[in-house]
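Close look at the chain arrangement
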Amino acid sequence: LNSNPEFKKMKELYDILQKGNEEGTDQDIIPEGIGEFGYDVTNPIPVNTIFGNTAYLERLRTLNDIKVRYERRGHTRTNNIKNPIDIYEIFDEEKKIATLYISPYNKKNSTIAPKGFKLVFLP
């Protein structure tokens, strides 16, 4: 795998992004977070790099086991969180069901789902 040029490029990018997360949390919830986990910009879901956004959202399901669809809507900032926060609209099979906020500047992906959702383990 390490001899694959595309993998090597992705690994180099990941390593660069990872260095920017050294000040981020290694906990499931950002200690400075305020408000409803994931739903309030002031309490975003911590993940590890922009790749972590996708990894986390691919595991997200409704409580009825429906795999969600998601669309990034940009980013924003808030006073209690140091780095930018990504905005995602979340859809079930038919309609928008939530807007979630994710902080990709942390040491790990959270293992906690926002209220009304659950995370599944993928093989």
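Residues numbered from 1 in each chain as written. Predicted model: local features only at pLDDT ≥ 70, side-chain atom pairs only at ≥ 80, totals over all residues. Heavy atoms only, no water.

**Some remarks on the overall build of the protein**
Counting its regular elements, the protein contains two helices and six strands. Sequence-ordered secondary structure for the protein, helices as α and strands as β, is α-β-α-β-β-β-β-β. Compactness check: the protein gives a C-alpha radius of gyration of 15 Å against a globular reference of 14 Å for 123 residues, within 12% of the reference. For the protein, the C-alpha atoms occupy an extent of roughly 40 × 35 × 25 Å along the three principal directions. In the protein, which comprises 123 residues, the share counted as buried stands at 38%. For the protein, the share of sequence-separated contacts (at least 6 apart) that also reach a separation of at least 24 residues comes to 58%. As displayed, the protein has an accessible area near 7,400 Å², and 52% of this comes from carbon and sulfur atoms. Counting 18 positive and 18 negative side-chain charges, the protein places the averaged centre of each group 2 Å from the other. (Helix = DSSP H or I, 4+ residues; strand = E, 2+ residues; numbered from the N terminus. Rg over C-alpha atoms; globule rule 2.2 N^0.38 Å. Buried < 20%, exposed > 50% of the residue type's maximum accessible area, 1.4 Å probe, protein only. Contact = heavy atoms within 4.5 Å. Areas by Shrake-Rupley, 256 points an atom, 1.4 Å probe, with all protein chains shown as cover. Lys, Arg positive; Asp, Glu negative; His and termini not counted. Charge placed at Lys NZ, Arg CZ, Asp CG, Glu CD.)

**Describing the sheet that holds strand 3 (residues 69-78)**
The mixed open sheet is built from four strands, whose spatial order is 1-5-4-3. Only two strands of the sheet have a single neighbouring strand rather than two, namely strand 1 (45-46) and strand 3. Here two bridges tie strand 1 to strand 5 (residues 96-103), and the two strands are oriented parallel to one another. Across the sheet, the residue bridging to proline 46 is serine 103, located in strand 5. Packed on one face of the sheet, helix 2 (residues 49-59) meets strand 1, strand 3, strand 4 (81-91) and strand 5 and runs near 35 degrees to strand 4. (Pairing = 2+ DSSP bridges. Axes fitted to C-alpha atoms, helices over the stretch in contact; angles between N-to-C directions.)

**Concerning the environment of asparagine 64**
Of note, asparagine 64 is situated in the loop between strand 2 (60-62) and strand 3. With 53 residues separating them in the primary sequence, asparagine 64 and phenylalanine 117 have C-alpha atoms 8.7 Å apart.

**Focus on the pairing of strand 4**
For strand 4, the buried fraction is high: nine of the 11 residues fall into the buried class. Between strand 3 and strand 4, which pair antiparallel in sequence order, lie two residues. Taking the residues between adjacent antiparallel strands as the criterion, strand 4 and strand 5 are bridged by four residues.

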